[in-house]
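# A structural walkthrough
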Amino acid sequence: MNYDYIIVGAGMGGLSAGLNLAFNHKKVLILEKNSLPGGFVTTFKRGRFEFDTSLYDLMDYGRDNHVGSLQRLFKKYNIELDPLLIPYNIRIKSLDDNFEEVIKGEIDDWVLRLEEMQSGSMSTFRSLLPVLKEIHEALNALRKNRKNIEKDFPNFIKYLDKNAYEALLDLNIPDKTIHVLGYIWIEIGSPLNKLSFIDFAECMYKYIFKRPVALTEKSIDLSLKLAKRYEELGGKIHYRSCVSEIKDIDGKKEVILTDGTTYKAKEVICNLSERYVFKNLIKENHSFANQKENARTLSMNGLVIYLGLNKSYQDLKLYNYRYYQFQNLNSATNIKSMKKFSHHTIEAIVPNIVNESCSPKNTTILVLKTLYMSDVWNNVNKTNYYQTKEMLANELIEEFENAFNIDIKEYIEEMEIATPFTFEKYTNSINGNIFGYMRLGYDNSIHRLISYEEERIPHLSFVGSSSLFGSGVDNAFYSGYYITEKLLEEERRND
Ligand SMILES: Cc1cc2nc3c(=O)[nH]c(=O)nc-3n(C[C@H](O)[C@H](O)[C@H](O)COP(=O)(O)OP(=O)(O)OC[C@H]3O[C@@H](n4cnc5c(N)ncnc54)[C@H](O)[C@@H]3O)c2cc1C
């Protein structure tokens, strides 16, 4: 069976790549090992609760006059969504510094609160906003291969090789404000002093101007909607089709499933990390890929506790969409603490705050998440797995209760604990890694973008959170579009 393109995996990156290729009338096949599309973006049921596994805020969807890339692409493919704006409200607690804040309301309220916390914050925070906008526009220009970047976007050039901490100091942002801003991006996995300012600025721009949204529908419905549209456009998708090998035969790629079925295509697009593909699917020795692998750092994995509580969020006093508990105000110390089990970094999400109907009446869904560096779970094996995950879940629930003075234990009706092993089993992400490769030092999105052509492996592409733009549904989806646009361009050039 011959195709123009074969895509391995129907996660956000794979579905997006498929949509763009099918939209452009290419003969394309997606092979997905599970029986449903979406990868991480899925849903599971326990009792009367239906939990979203991973999608709590959709960045880069946008609103009004700040339309994001996701919205633009969904419109192009005629996919409708019903987004709900997530309030900026976050409640933060830092244990060592005895620091507790609820940052509420719109950005103007933030600015006022930051000023109360540290005088001088207001004017400098305001002066940061046009810089974020300029960097965002420069990135868009770069993605479109526009020339004259240095002339049109001087701040982009000025801060290109600065880390976020250096740049924020240079912009005179007071220390405490820097730390508060740093909290939000801890998921990127790099402390502010190692994270490129350009990556930081782009995340911040999306957060402030486009604003994150949640969905009224369950995550699996989004994934099914994308897969359905892809099929309407003529794309084929085979579920329960696990790829076990990718071969290069006379310049054509052969993709072989675990049951021996073989497909051929001129290009294979993997919705997987290079590390997984070269370790498990490509049997030939490929020294270039190994070199690249060695240079990249896997980001974090995590333990996620999904709780169905039999009380309303108002009665539980869970008034904020998002809660963060950290050990310390310093992002580097927090990241360091993720190298062991006994740490205190917790993110909690209460989806009912934006979508009351996400769980039955008078109940609440609470998701607690803690992150680990990718190898912390290496010492966990069959004999201590269940004991370890139960122990950590109990510790986390207790810490959350103590930190925010909220009782949840006695209202737990359903509980599911997902470990890195759970995520690895479902998606094949290495070590259950959630956020692709870290954007550290020179391995930032700019470097990845600029070196794309040079690093490209002929007829083998990568989309998703391990690709150019980093993790998150928005970046994974955008990568599927961006990479396939490049491939279509290449096709046109060769015609
Ligand atoms: C707890 C949690 C919370 C999160 N919260 C958010 C959030 O609020 N907002 C946000 O934007 N992001 C969030 N993320 C991250 C986001 O979910 C991911 O970055 C994104 O969904 C990854 O998409 P991907 O394209 O990389 O593909 P993946 O989801 O990794 O999909 C890969 C697909 O490939 C398939 N596959 C793997 N191996 C094979 C094979 N050999 N053959 C065939 N198929 C194969 C898998 O089954 C899977 O369907 C969260 C993640 C987690 C775990």
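Just so it is clear, the structure is predicted and the values come from calculations on it, not from any experiment.

## Some points on the overall build of the chain
- Within the chain, the secondary structure is distributed over 19 helices and 20 strands.
- Against the globule reference of 23 Å for 495 residues, the chain gives a C-alpha radius of gyration of 22 Å, in line with a compact fold.
- With the C-alpha coordinates of the chain rotated into their principal frame, the extents come out at 65 × 60 × 45 Å.
- Expressed as a percentage of its 495 residues, the buried residues of the chain come to 48%.

## Examining the site of the ligand
- Taken together, 38 residues lie around the ligand, and Gly9, Gly11, Gly13, Gly39 and Gly464 are the ones closest in.
- Of all the elements in the fold, those that place two or more residues in the shell around the ligand are helix H1 (12-23), helix H16 (420-427) and helix H19 (473-494).
- Per-class residue counts for the shell around the ligand are 18 nonpolar, 15 polar and five charged.

## Looking at the environment of His25
- Among the structural elements, His25 can be located in the loop between H1 and strand E2 (28-31).
- Overall, His25 belongs to the exposed group, with 10 C-beta atoms counted inside 10 Å.
- Between the C-alpha atoms of His25 and Glu490, which are 465 residues apart in sequence, the distance is 16 Å.

## Topic: H1
- For H1, with 12 residues, the first-to-last C-alpha span of 16 Å sits near the 16 Å given by 1.5 Å per residue.
- A large share of H1 lies buried, amounting to 11 of its 12 residues.
- His25 sits one or two residues past H1 and shows a positive phi near 60°.

## With respect to the domain arrangement of the chain
- Each domain of the chain was delimited in the assignment, giving domain 1 (2-42 + 217-296 + 443-494) and domain 2 (105-209).
- Each partner contributes residues to the interface: domain 1 has five residues there, and domain 2 has six residues.
- The element best represented in the side of domain 1 that touches domain 2 is helix H17 (residues 445-450), accounting for three residues.
- Considered class by class, the residues forming the side of domain 1 that touches domain 2 number three nonpolar, two polar and no charged.

## Structural notes on unusual backbone geometry
- Not every positive phi belongs to a glycine, and Arg211 is a case in point at roughly 70°.
- In this structure Arg211 comes out as buried when scored by C-beta crowding, with 23 C-beta atoms within 10 Å.
- One non-glycine residue, His459, lies in positive phi territory at about 60°.
- Residue position: His459 is located in the loop between helix H18 (452-455) and strand E20 (460-462).

## Side note on the pairing of strand E17 (residues 346-349)
- Of the two faces of E17, both are covered, the one formed by Ile346 and Ala348 as well as the one formed by Glu347 and Ile349.
- Sheet analysis places strand E16 (residues 322-326) next to E17, joined by four bridges and oriented antiparallel. What sits directly across from Gln325, in E17, is Ile346.
- Direction of pairing for E17 relative to strand E18 (residues 364-372): antiparallel, over a ladder of three bridges. Bridge pairing in E18 links Ile349 to Val367.

## Focus: the packing of helix H4 (residues 121-143) against helix H9 (residues 197-210)
- Following both chains from N to C, one finds H4 and H9 inclined at 105°, their axes separated by 9 Å at the closest point. Between H4 and H9, the crossing angle belongs to the class labelled roughly perpendicular. Contacts between H4 and H9 involve Val131, Leu132, Lys133, Ile135, His136 and Leu139 from the former and Ile198, Ala201, Glu202, Met204, Tyr205 and Ile208 from the latter.
- Its residues placed into classes, the contact of H4 with H9 shows nine nonpolar, one polar and two charged.

## Some thoughts on helix H15 (residues 385-404)
- When the terminal C-alpha atoms of H15 are compared, their 29 Å separation across 20 residues agrees well with the 28 Å that a helix rising 1.5 Å per residue should span.
- For H15, the complete set of buried residues consists of Ala393, Leu396, Phe400 and Ala403. Buried residues along H15 cover an arc of 105° about the axis, so they all sit on one side. With respect to the buried face of H15, the exposed residues turned more than 90 degrees away are Gln387, Glu390, Met391, Glu398 and Asn402.
- Residues of H15 that are buried make contact with strand E8 (90-94), strand E15 (301-309), E16, E17, E18 and strand E19 (412-418).
- Immediately beyond the C-terminal end of H15, within one or two residues, lies Asn405, with a positive phi of roughly 55°.

## Considering the sheet that holds E19
- One open sheet holds the seven strands; their spatial order is E9-E8-E16-E17-E18-E15-E19, and the pairing between them is mixed. The open sheet terminates on both sides in strands that have one partner only, identified here as strand E9 (99-103) and E19. The sheet shows a mean angle of 15° between the axes of neighbouring strands, direction not considered.

## Remarks on the pairing of strand E3 (residues 43-46)
- Pairing of E3 with strand E4 (residues 49-52), which is carried by four bridges, proceeds in the antiparallel orientation. Note that in E4 the partner of Phe44 across the bridge is Phe51.

## A look at the packing of H1 against helix H10 (residues 219-232)
- Viewed as axis vectors pointing N to C, H1 and H10 meet at an angle of 25°, and their least axial separation amounts to 9 Å. With respect to H10, the element H1 is oriented roughly parallel. Both H1 and H10 take part in a crossing whose hand is left-handed. Seen from H1, the contacting residues are Leu15, Gly18, Leu19 and Ala22; seen from H10, they are Leu226, Ala227, Arg229 and Tyr230.
- Looking at the contact of H1 with H10, its residues break down into six nonpolar, one polar and one charged.

## Observations concerning the environment of Ser299
- Examined against the element boundaries, Ser299 turns out to sit in the loop between helix H12 (287-295) and E15.
- Distance in space between the C-alpha atoms of Ser299 and Phe435 is 5.6 Å, their sequence separation being 136 residues.

Conventions and cut-offs
- Residues numbered from 1 in each chain as written.
- Predicted model: local features only at pLDDT ≥ 70, side-chain atom pairs only at ≥ 80, totals over all residues.
- Helix = DSSP H or I, 4+ residues; strand = E, 2+ residues; numbered from the N terminus.
- Rg over C-alpha atoms; globule rule 2.2 N^0.38 Å.
- Buried ≥ 20, exposed ≤ 12 C-beta atoms within 10 Å, placed from the backbone.
- Near = placed C-beta within 6 Å.
- Nonpolar A, V, L, I, M, F, W, Y, C, P; charged D, E, K, R; others polar.
- Expected span 1.5 Å × (residues − 1).
- Domains from an automatic or database assignment.
- Contact = placed C-beta atoms within 7 Å.
- Pairing = 2+ DSSP bridges.
- Axes fitted to C-alpha atoms, helices over the stretch in contact; angles between N-to-C directions.
- Parallel < 35°, antiparallel > 145°, perpendicular 65-115°, else oblique.
- Arc of directions from axis to C-beta.
- Left-handed = near helix turned anticlockwise from the far one by under 90°.

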